Each structure stands twice: as C-alpha cells, then as structure tokens.
Amino acid sequence: MRKFMQIFFAFKTMVAVLTFFAFWAAIGTGLCGDAKTVAVFPFEMNSSQDLGFLQNGLFSMLSSRLSDAGKVDVLDRETVDNALAKAKAGGLVKGPLNEGLARDIGAQMGVDYILFGSLTHYGESISLDASMVDVSGKKQTLAFFEQSNSMGDVIPLVNSFAGDINMKVFNRNIDNKLYARPQEENPTLGGLQYAGGGDSYGGGMMAMQASQGFTTHLKVEEVIRAMATGDLNKDGRLQVVTATDSALQIYHLEGTLLTEEISLDYASYLRIIGLDVADINGNGYPEIFVTAMTINRETLSSFVVEYNGSSYTTLQDGLSYYFRVIDSVDGNPVLYAQDKGRGPYAGKIYIMSAANDTYLEEKPIRVPKGTSVLSLARGPVREDGGNEFLNINQHHRLVLINDAGSNEWESTEKYGKTNNYWITGEPAADQTVRERDYFNPRIKFHPVGEDQKNKVFLITNSEFGAGSIGRIKRFKDGRVEIMSWNGIALAPVFQTVPLQGWVSDFDIADIDNDGIEELVISVVTRSKIAILTQDKTSNIISYKLK
C-alpha cells in the first residue's frame, strides 16, 4: 500500500493532458477522414492487492494518450465491456486473451486495433506486458514488456508504450513531458499530517494526526444521528446542533466543552436522520432543516425550525422531503430537497426557494437514478469540470456526476454508510423482516492545505467482516477522509485516525471563535466492544484545520 499513493498523486497532471487533447481534437475534427478505431481492453491485474483503481486508471490514461479526433477514435469503456461480455457469453473467450482471440473479438466489434495486456505486482516490483494488435493482420503486433522496482513507475511505463504506439502505428509524435510526474512536497494540514512519514505521498493510507490529538467537547449517553453548526440566534458565536431520535440539542462552546443551551423535544414517533443550518429565507436567522421519518421508517415527516428572537419555532412540519443545504460554487448556501419517490434513492431532487415561511420547488436538477440528496455535494470536482456533483450512491460507491446529469466516474472502493435506514417494501430472505436501504452521510467541499484548493470531505464507516456478517449493519470504526481529484479519480490526501464505532456526521466551522476552523465530528460508540451490543454513547470531537 505504501507505494500506491505515488500513483494517485502522479495522476494530477492528467487534467492538463485532457485539456491538451481537447484542444487538438477541436482543431483536428474534420481534417482527416476514415479514423482508425481502437478498443482498449481492461488490463489483467496480477496482484494480492485490490488494484481496481489502477485498472481503471490504465484505461483512462491509454485512451487519452491515443485519442486523436478525426484520426484515432478510442471506444468508451462501456462499449468495450459489453463487447467482451458478448464474446464470453458466445463462447468465443474461454481463457486468457491472446493475439488470435483479440483479432477474432476485434473483427466482431468492427474495430481496427485491439490493445490488451496485464500488470503484475509482486513485493516492490511492477511489470507491464501489453500488445497492440492490428485486427486485419496486415501489420505486425506491437509488443511491449517493461518492469521496474517501483509502483511509482507505472505512469512512465504507460507513457513509453503509448509513445511507441503513436509513433509506430499512427506516425504521431507526442512529447512525453506532457505526462511528467509532478514533484510534490511532503504535505501537512496544520496540526493534521500524514502518519508514518516517508517520501512525499508515500505513506500509504495516511492518517490524520493532530500534534496534541483531537479535542473531545461532549459525551452523551444517546445516539447522535446528525449534527450541524451555525449562529442560530445572532449572538456572534456558533452553536452546535445535534439530533437524537426525536429531539434537537443546541450547544455552545465554553472553554473546550459544549454547554447545552436548550433541548427541543418533538413527537416521539419521529426518527431524525439529517440536519442542516442556513439562512435560506433571508431574515437573518438561520433555519434548521430537519430530515425526519416516522417510526415505521416508511414515511417522511421533515420539518423546519427557526429562532424568532426569543424562542425556537417550527415554520413547517410534516414535509415529505429529504433536505440538504449545499454550497454553490460562489459559496452561497442553496437548499436542495428530494421527494419521497419510491425510496430514498429514487425521488426527484429540486432546488428550493423560500416564500415567507414556506419552501417551494424552484427547479429540478439532473442526476442519475440511485442518487440521494443526503450525500450530494456540488463541485467542480475537476478543475475544468464545470457544474459537477459528487454523490455516494445506493451501493456506497462514490460517483462523479457531470453537468449533463450522467455518471462520469465511479469509485471501486466503498464509502459512506450509516446506521440510519429506510424500510423498503421488499421482504428479506428469511421472510420475517423487511429489507433496509441504508443512508449515506453528507459530503462537503472545503478549501484546506497550503494551496487552499477545494477538497472533498466525506465519511467512511467500516463494517465488521466487511459487511458479510449480516443484513443489519454493525460498524467497527469510522473516519473522515479528505480527497482530491488526481486527473482520473478521487484519491485520499488525509484521513482521521479510525474512531471506534461509527461517524454519524461532521461539519467544518470555527466553533471556538479563534479564527481557525475545526473539523467537528460526531462519533457513535457502544457500551462494550462487541458486535451485537447496541449503539449507546456519542461524542463530539474536533481537529484543528490550519
């Protein structure tokens, strides 16, 4: 794992590369007919580690380096995967790919060239074995084999092979300096830094370690299911709002401890699963948007609370919406709401506007099926990405959604997960219980680090037995991860040390009013270290972000 991160951050230069090809594509379109078509097959990964991210990365790198609008067209991944699946179903592919099989599949696909190969990782060494096959058989297959003692050399190996193909097959010269790996300095994030030291970005999966540890502000014998911050009463200091099943607690910081200002109790049949704080109606007092279900977990009953100068009042209740406040590109908060639909990942999502003490659907947004507003955030994720969204989908995969409302990228790893769930109409396998759709927690973009560029903050909760123990989720630990786009994927930059139990929510705010923002986290633990015990205790902790 230690060397894998060298690959993640070396991919940052891909943004510039893709911009380069887009420029030449605009110039080259229409200047040359009869473009050659290339199908890049997913490379076989031979490793004891999960290299799914690298398999996807190889496809993206080779596609971008070989594409030349009007001259060389590289098929998209979905088309290639469908063709391979069809070939396997038809019995054409019965073992490892070879030159003959590649020609047969390529002929069925109607392409000019097939590019396939394998990557082998053992210990510290890496080898790349690849072939560029002319489907017609008129040209000799271009074979490539190289090896290195460093995983960080994958990109130079790909550059070399792509350069050979461009020159020897397409008579095209591309300067590999365009793909040079950036030299990164050893990063820190104030008191939070990479654990383990080592070369730049070479510490494997990094842990966020404060020089004096995190600060614990609150411990309660209840399950905190959601949390948010804001200056609710315009007194010049931030309050921390937490939600248990059917109540809100409002705190402010005195010294290092959170002191309760008020507890607001609501109907006992409610189950709160989400909180957001923002002044959407523009009257100077931020509203608290509370996403809540009824106790049967099949009906929404959300509500909005606001301080009126003397007390907290309910502006609206019984609403069939999931709420999330998402910052726009210019930093202004925008209220999004998702209707009930047929489930938490099926309803339409709207931008909402305020009218007196009510909230109206202003316009729908375009997102793929399987999107939940509770784990939706607006980018751009990529520097040139325009209006993009990031989401954790129903299967806990991190998804990049482009401005057309389609999936642009999906992670191989799983993220998110909470113990908040919705009861579906489907019976479980044993017919005695109902199936559950588990909600994912919020995602936030926030500028941190020396470059002060927006990075992605998200929660990852790890299940016992990687989720194989049972249908009901039980978590062993959770963490907050900070990620950035490296050119082809979101890659981890920092993460908190694993926290026993599960992380239910987080926010980023200067809760102690010292001019330095904190990463504020709510963590749910158990009374005993055992899989089957009930969640019982919650803590609010924070890390300094400076």
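As a reminder, the structure under discussion sits directly above these lines.
Here's what I pulled together on the structure shown here. Note that the coordinates shown come from a computational prediction; the quantities given were computed from them, not determined experimentally.

The rules behind these values
Residues numbered from 1 in each chain as written. Predicted model: local features only at pLDDT ≥ 70, side-chain atom pairs only at ≥ 80, totals over all residues. Heavy atoms only, no water. Helix = DSSP H or I, 4+ residues; strand = E, 2+ residues; numbered from the N terminus. Buried < 20%, exposed > 50% of the residue type's maximum accessible area, 1.4 Å probe, protein only. Axes fitted to C-alpha atoms, helices over the stretch in contact; angles between N-to-C directions. Left-handed = near helix turned anticlockwise from the far one by under 90°. Contact = heavy atoms within 4.5 Å. Nonpolar A, V, L, I, M, F, W, Y, C, P; charged D, E, K, R; others polar. Salt bridge = Lys/Arg side-chain N within 4 Å of Asp/Glu carboxyl O.

### Considerations on unusual backbone geometry
Phase 1 of the analysis: Across the junction of glycine 379 and proline 380, the peptide omega takes the value 15 degrees, indicating a cis bond.
Phase 2 of the analysis: Looking at the element boundaries, proline 380 is found in the loop between β22 (376-378) and β23 (389-392).
Phase 3 of the analysis: The backbone of histidine 396 shows a phi angle near 70 degrees, a positive value even though the residue is not glycine.
Phase 4 of the analysis: Along the chain, the position of histidine 396 falls in the loop between β23 and β24 (397-401).
Phase 5 of the analysis: Residues other than glycine seldom take positive phi values, yet asparagine 513 does so here, at roughly 60 degrees.
Phase 6 of the analysis: Accessibility expressed as a relative area gives 58% for asparagine 513, which makes it exposed.

### Details of the packing of helix α3 (residues 52-66) against helix α6 (residues 154-168)
Phase 1 of the analysis: Across the interface, α3 lies against α6 with an axial gap of 10 Å and an inter-helix angle of 35 degrees. You can see that α3 and α6 cross each other, and the crossing is right-handed. Counted together, Leu54, Leu58, Met61, Leu62, Arg65 and Leu66 of α3 and Val154, Ile155, Val158, Asn159, Phe161, Ala162, Ile165 and Asn166 of α6 form the full contact between these two elements.
Phase 2 of the analysis: A class-by-class count of the residues in the contact of α3 with α6 yields 11 nonpolar, two polar and one charged.

### Notes on the pattern of salt bridges
Phase 1 of the analysis: Per the counting criterion, the structure on display carries 18 salt bridges.
Phase 2 of the analysis: We note a salt bridge from aspartate 507 to lysine 444, for which the minimum N-O separation is 3.7 Å. Residue aspartate 507 is found in strand β33 (residues 502-509), and its partner lysine 444 is found in strand β28 (residues 443-448); the two are separated by 63 residues along the sequence. Of the two residues, aspartate 507 and lysine 444, neither departs from the other in class, the shared state being buried.
Phase 3 of the analysis: Salt-bridge contacts for arginine 479 lead to glutamate 481; the nearest nitrogen and oxygen are separated by 3.2 Å.
Phase 4 of the analysis: The exposure class of arginine 479 is buried, given its relative accessible area of 16%.
Phase 5 of the analysis: By relative accessible area, glutamate 481 is classed as buried at 2%.
Phase 6 of the analysis: One continuous salt-bridge network, built from bridges that share partners, spans Asp276, Arg324, Arg442 and Asp505.

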